[in-house]
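So you can see what is in the structure, the chains are spelled out below.
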Amino acid sequence: MKFNVKTVLQRSPRLGELSQIAGKLDVCLETPLALLHTQAGHIPHITHEVLKLVTQEPHFLQIPVVSMHNYLEAIHLYDGRVADFVGSKDSLTCVTLNDPSNLMKQGHHNKDKVPIFTKRGKVLYDSENYMDMVEKLRPDMYIILSDGDTNMTSSNKRVSKAVENTVSFNQRCIERHKKSEKLKDAFVIAPIAGGYCVKSRKQCLELLSPNEPDVQGYLIDGLHNNGPEVELISFSEVKPIVDYVISKLPPGKLRAIQGCWSPLNIIKLVNSGIDIFDTSYCRILTERSAALTFAIDAGEASESYEINLRHGKFSEDFQPVLKECKCVACQGYSRAYIHHLLTVQELLGSVLIMVHNIHHMLRFFQKIRDSVREDKLNELEDRVAAQIKLLHCHKEQLASSELSRNSTE
Amino acid sequence: MTTIKSPLSFAILGKCGSSKARVGKITLPHGPVDTPVFMPVGTQGTLKGMLPEQLKAMGVQILLANTYHLGTRPGVDILLKAGGLHKFMNWDGNLLTDSGGFQMVSLLKLAEITEQGVKFESLNEQKDQVMLSPEHSIEIQNAIGADIIMQLDDVVKTTVPDKERIEESVHRTTRWLDRCIKVHQNPSTQNIFPIVQGTLYQDLRKISIADHIKRDVNGFAIGGLSGGESKDDFWKIVHLCTDLLPKNKPIYLMGVGFATDLVVCSALGVDMFDCVFPTRTARFGCALTMVGQINLKKKQYATDLQPIDKDCDCSTCKNYTRAYLHGIVTDLPVACHLITVHNVVFQLRLMKTIRDSILNGTFVEFVQQFMLAIHPDRDYPTWIKDSLTAVNIPLL
Ligand SMILES: [Zn+2]
Ligand SMILES: [Zn+2]
């Protein structure tokens, strides 16, 4: 797999493409791109058969090792790639350590090892068993093992430890990669650690630079501990780090970020020059019964940023989730029906919400690419920002009316 | 003279030369149904995470939904506003609804049956006393709008020995049938089926049938079975009912859907079946095969790289191994979806095999081989031997 930047290198919101993919030479994917966040290879609630009804575009699955660890024995015996094993042989795959939709447990560090928490408990990964796993999975792309356990509040000691571990993992994983026949076509992404400390980021970048020829992309890691909280991170907090790291990265390499970033922050990150994201945000929305309804195109009708279909006001609302949406859910099912399914705890409720959310997110990314191409990303940002502002106003109004109601009681 | 166009026509396309098995085509307002048919159960207006688009692609022609559940949530009001359940759930195939009576008697301990109807304590917070009368059941079923609807019947457990009570239920069921027919609002689009009662008493079953066949209806259901009675009692009642019911109308055996039962009861002449088991069991990791069930949760499947069933052409068997399913079963909802796909396709395939073998004259051989595969030591249960012998199918 090769990455090429299509716009002028120095410009920060940029277009690129992933092509020359081994075994899939006809596939060409344009960036900025959202990998499809999965657990054990499935977008939560959506089987691959249903996914084909949602999008005919090539699927690029993000596969967390934490969700595959229990398959260790089976994968050992299995003679095929992870895409086949998870039942989606035509998909592209990107292997990463943790599940961005789940909050990581902090701490539990061992020297030269990273803990992950599978459904059967804590497991330690080091460069060797991580690369064993990657070799067995044979993904099209993977992220090198890293120590990403830092966030805004991490101590200096934790940050420098994370850098030290990440550099050491990088060294060993790349040595393994160079010797691996099975991974010779795999696209390698190197995480950069260093939390919110510019000095540590600088140090990490410098220590990783000798391996640059063996790396096709970089991940800005260590900004958060995954999970729903990422949605609430204010962009001004991450901007200095993101901008600094990007300014130091070789411009021809892919730049990735992971986590449940809000759509507005995704636009801002694209503006800073990020190329690859994931759809884990759709999972946290779906788990709270929320469907994305913000307007993507100019002139598109939208009454709100997102709607919570559990709310009683939808019990007799026979409109689709979003009037002009072309997804399978909006084409055949009403808000009232989804509300009914949620009330009686039927599985199809989450399926329909997820179908819509994924469709909306993919359409959003298409709009981002078109906007970058037409140099109109600011317009999109203003449109989304205005809708979020409305959402916040609405929430405040609700809160204050709640307050006044309580005070009169 | 104006005649209402019948919402059901039934054509018999072929019969087994030995047994009472037959192949038919029921034509309903939402398309044809090939019989013998298994109807998957979508209790609350949905089937275990399946999109109706998927069910259609699998070849499902009719789904069952439960009146008691739908009458509670979303309720008649919303169903009417939605334009009926077909529209509400985006299913343009056929639907069948039960009357709600069975659900109530089996789910609610405090149900009390009087001539008026089934009285029970509502599940709502006020714990109101609610009455499900024949009229109310039909009102809900009219709002749901299923192609086939059931009369409210007086359900007595098959294990109740009180013959007097059972005799009362037989007569009351017929009285309730007349009340149901009287208030039924949509006779041109919805078919009402009577339910034959009488538990295990042959004389009472005969009375029930004699009364029901005098009514102007398009099909019949056999109720009051599949409730814990012995299989030796069970098959004899089915055999009696299919002998006595008119041959030109479909016969529906309620609550029966295990593979062996489907094969035997098809041989006895039943046309329609339903059962929650194949879809309910998927959630617990249980997948159906021609020689029984496998529980994918079991450790032995952790490294089993075969599909659930190599002869199955469902999307789950084509794309996933047992090992993969083992790793996500009871953990991720998609595992339930994937196993449900297989289990529904399994039931459909079994019914198609039954129909095809009846049509091409190999039904007897099919039944023999099917039973032999499950009982390779030929230790057939008595009821299977007896029931099949009664319809001229000797086991190998
Ligand atoms: Zn939609
Ligand atoms: Zn199958």
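If you're wondering where the values come from, they're calculated on a predicted model, not measured in any experiment. (Residues numbered from 1 in each chain as written. Chains lettered and ligands numbered in written order. Predicted model: local features only at pLDDT ≥ 70, side-chain atom pairs only at ≥ 80, totals over all residues. Heavy atoms only, no water.)

> Hey, could you go over the UniProt feature "domain: tRNA-guanine(15) transglycosylase-like" (unreviewed entry) in chain A for me, with residue numbers and the actual values?
In the numbering adopted here, UniProt assigns the feature "domain: tRNA-guanine(15) transglycosylase-like" (unreviewed entry) to residues 13-387 of chain A. Taken end to end, residues 13-387 of chain A is 39% helix and 15% strand, and its first and last C-alpha atoms sit 22 Å apart. (UniProt positions renumbered as here; feature names shortened; annotations may be inferred. Helix = DSSP H or I, 4+ residues; strand = E, 2+ residues; numbered from the N terminus.)

> For the interface of chain A and chain B, give the residues involved together with the corresponding values.
In this complex, chain A contributes 39 residues to the contact, which on the side of chain B involves 39 residues. The junction of chain A with chain B conceals about 3400 Å² of combined surface from both sides, 63% of it contributed by carbon and sulfur atoms. We note a salt bridge from Lys 81 of chain B to Glu 316 of chain A, for which the minimum N-O separation is 2.6 Å. On the surface where chain A and chain B come into contact, there are 12 residue pairs in polar contact (both at pLDDT 80 or more). Listed by contribution, the elements that provide at least two residues to the side of chain A that touches chain B are helix H1 (48-54), helix H2 (72-77), helix H3 (82-85), helix H10 (328-332), helix H11 (335-343) and helix H12 (347-373) of chain A. If you tally residues by element for the side of chain A that touches chain B, the top one is H11 of chain A, at five residues. Broken down by class, the residue content of the side of chain A that touches chain B amounts to 22 nonpolar, 11 polar and six charged. (Contact = heavy atoms within 4.5 Å. Buried area = accessible area lost by both parts, 1.4 Å probe. Salt bridge = Lys/Arg side-chain N within 4 Å of Asp/Glu carboxyl O. Polar contact = N/O pair within 3.5 Å; in protein donor to acceptor, adjacent residues only side chain to side chain. Nonpolar A, V, L, I, M, F, W, Y, C, P; charged D, E, K, R; others polar.)

> How would you sum up the nonpolar core? Please name residues and give values.
Membership of the largest hydrophobic core comes to 223 residues, with the highest contact counts inside it found for Met 68, Phe 364 and Ile 368 of chain A together with Leu 253, Phe 363 and Met 371 of chain B. With 13 residues, the single largest contributor to this core is helix H14 (residues 333-359) of chain B. By size, the runner-up hydrophobic cluster in this structure holds 20 residues, among which are Val 27, Ile 189, Leu 254 and Ile 276 of chain A. (Core = buried A, V, L, I, M, F, W, Y, C linked by side-chain atoms within 4.5 Å. Buried < 20%, exposed > 50% of the residue type's maximum accessible area, 1.4 Å probe, protein only.)

> Could you give me a rundown of the coordination of the zinc ion (ligand 1), with the residues and numbers involved?
Residues and elements named next belong to chain A. Surrounding the zinc ion (ligand 1) are the protein donor atoms Cys 325 (SG), Cys 327 (SG), Cys 330 (SG) and His 356 (ND1), at 2.1 to 2.3 Å. For the zinc ion (ligand 1), the four donor atoms in the first shell make angles of 100 to 120 degrees at the metal, so the coordination geometry reads as tetrahedral. Spacing between the donor residues of the zinc ion (ligand 1) along their common chain follows C-x1-C-x2-C-x25-H. Under the relative-accessibility criterion, Cys 325 is labelled buried at 1%. A relative accessible area of 7% means that Cys 330 is categorised as buried. (Donors = N, O, S within 2.8 Å, 3.2 Å for Na, K, Ca; no water. Tetrahedral: all angles 85-135°; square planar, octahedral: opposite > 155°, others 65-115°.)

> Summarise the sheet that holds strand S9 (residues 129-132) of chain B; cite the residues concerned and give the values.
All names here are of chain B. An order of S7-S8-S9 is seen for the three strands of this open sheet, with the pairing classed as antiparallel. Of all strands in the sheet, those with a lone pairing partner are strand S7 (112-113) and S9, marking the two edges. As judged from the two bridges shared by S7 and strand S8 (residues 118-121), these two strands associate in the antiparallel manner. Residue pairing in the sheet places Ile 113 in a bridge with Val 118 of S8. (Pairing = 2+ DSSP bridges.)

> Explain the coordination of the zinc ion (ligand 2) residue by residue, including any values.
Residue and element names in this part refer to chain B. Distances from the zinc ion (ligand 2) to its protein donors, namely Cys 312 (SG), Cys 314 (SG), Cys 317 (SG) and His 342 (ND1), fall within the range 2.1 to 2.3 Å. Note that the zinc ion (ligand 2) binds four donor atoms; their angles at the metal cover 99 to 121 degrees, and the shape is tetrahedral. Site description for the zinc ion (ligand 2): donor spacing in sequence, C-x1-C-x2-C-x24-H.

> Describe in detail the pairing of strand S1 (residues 2-5) of chain A, supporting the description with residues and values.
Residue and element names in this part refer to chain A. Alternating residues of S1 divide into Phe 3 and Val 5, all buried, and Lys 2 and Asn 4, none buried. Pairing between S1 and strand S2 (residues 16-19): four bridges, direction antiparallel. Its bridge partner being in S2, Phe 3 is matched across the sheet by Leu 18.

> Go over the UniProt feature "binding site: Zn(2+)" (unreviewed entry) in chain A, please, and point to the residues and values.
Residues and elements named next belong to chain A. The residues that UniProt annotates with the feature "binding site: Zn(2+)" (unreviewed entry) are Cys 325, Cys 327, Cys 330 and His 356. Across 32 residues of sequence, these annotated residues stay compact in space, with a maximum C-alpha separation of 8.3 Å. By the element assignment, Cys 325 lies in the loop between strand S15 (306-308) and H10. If sequence neighbours within four positions are ignored, Cys 325 has contacts with Cys 330, Gln 331, His 356 and His 359. Inspection of the secondary structure puts His 356 in helix H12. With relative accessibility at 0%, the residue His 356 sits in the buried group. In this structure His 356 touches Ala 291, Leu 292, Val 321, Leu 322, Cys 325, Cys 327, Ala 329 and Cys 330, once residues within four positions along its chain are discounted. A polar side-chain atom of His 356 sits 2.6 Å from the main-chain carbonyl oxygen of Leu 292.

> Report on the environment of Lys 5 of chain B, specifying residues and quantitative values.
Residues and elements named next belong to chain B. Tracing the chain through its elements places Lys 5 in the segment before strand S1 (9-15). A relative accessible area of 69% means that Lys 5 is categorised as exposed. Counting along the chain gives 183 residues from Lys 5 to Ser 188, while the straight-line C-alpha distance between them is 6.2 Å.

> Would you mind going over helix H9 (residues 231-244) of chain B in detail, with residue names and values included?
In an α-helix, one turn spans 3.6 residues, which is why side chains three or four residues apart end up on the same side. All names here are of chain B. Here H9 is 14 residues long and its end C-alpha atoms lie 20 Å apart, about the 20 Å a rise of 1.5 Å per residue gives. Residues of H9 that are buried: Phe 234, Trp 235, Ile 237, Val 238, His 239, Leu 240, Cys 241 and Thr 242. Buried positions along H9 lie against strand S12 (195-196), helix H8 (202-212), strand S13 (220-222), strand S14 (251-253), helix H10 (259-267) and helix H16 (382-390). (Expected span 1.5 Å × (residues − 1).)

> Please set out the packing of helix H9 (residues 280-287) of chain A against H12 of chain A residue by residue, giving values where relevant.
To characterise two packed helices, one gives the angle between the axes of the helices and the distance between these axes. All names here are of chain A. Axis separation between H9 and H12 bottoms out at 9 Å; the angle between their running directions is 145 degrees. Where H9 crosses over H12, the handedness of that crossing is right-handed. Across the interface between the two elements, Tyr 281, Cys 282, Arg 283, Leu 285 and Thr 286 from H9 touch Ser 350, Ile 353, Met 354, Asn 357, Ile 358 and Met 361 from H12. For the contact of H9 with H12, a count of residues per class yields seven nonpolar, three polar and one charged. (Axes fitted to C-alpha atoms, helices over the stretch in contact; angles between N-to-C directions. Left-handed = near helix turned anticlockwise from the far one by under 90°.)

> Give a description of the pairing of S1 of chain B that names residues and reports values.
The side chains of a regular strand alternate between both faces of the sheet. Residue and element names in this part refer to chain B. As defined by bridge partners, S1 adjoins strand S2 (residues 22-28) across six bridges and the pair is classed as antiparallel. Counted as the bridge partner of Ile 12 is Gly 24 from S2. The antiparallel hairpin formed by S1 and S2 contains six residues in its connecting segment.

> Go over the confidence of the model for chain B with me, naming the residues and quoting the values.
Looking at chain B as a whole, the pLDDT averages 95, with 97% of positions reaching at least 70. Among the scores for the predicted complex, ipTM is 0.97 and pTM is 0.96. (pLDDT = per-residue confidence, 0-100.)

> I'd like a description of the domain arrangement of chain A, backed by residues and values.
All names here are of chain A. Along its sequence, chain A is carved into domain 1 (2-286) and domain 2 (290-405). A C-alpha centroid distance of 27 Å is found between domain 1 and domain 2. Listed by partner, the interface residues are 32 residues for domain 1 and 29 residues for domain 2. Regarding the contact of domain 1 and domain 2, the summed buried area is about 2900 Å², with carbon and sulfur atoms giving 76% of it. Here domain 1 and domain 2 share three salt bridges between them. The closest approach of N and O atoms between Glu 30 and Arg 373, which form a salt bridge, is 2.6 Å. (Domains from an automatic or database assignment.)

> Tell me what's going on with the pattern of salt bridges, and back it up with residues and numbers.
By the definition in use, this model includes 53 salt bridges over all chains. Between Asp 34 of chain B and Lys 25 of chain B there is a salt bridge whose closest N-O contact spans 3.0 Å. A relative accessible area of 29% places Lys 25 of chain B in the partly exposed class. A salt bridge links Arg 322 of chain B to Asp 304 of chain B; the nearest nitrogen and oxygen atoms lie 3.0 Å apart. Of this pair, Arg 322 of chain B sits in helix H13 (residues 322-328) while Asp 304 of chain B sits in the loop between strand S17 (292-295) and helix H12 (315-319), placing them 18 residues apart in sequence. Look at Arg 322 of chain B and you get buried, because its relative accessible area is 14%. The class of Asp 304 of chain B is buried, set by a relative accessible area of 13%. Shared partners join several salt bridges into a network, and the residues in it are Lys 6, Glu 17, Glu 30, Arg 369, Asp 370 and Arg 373 of chain A.

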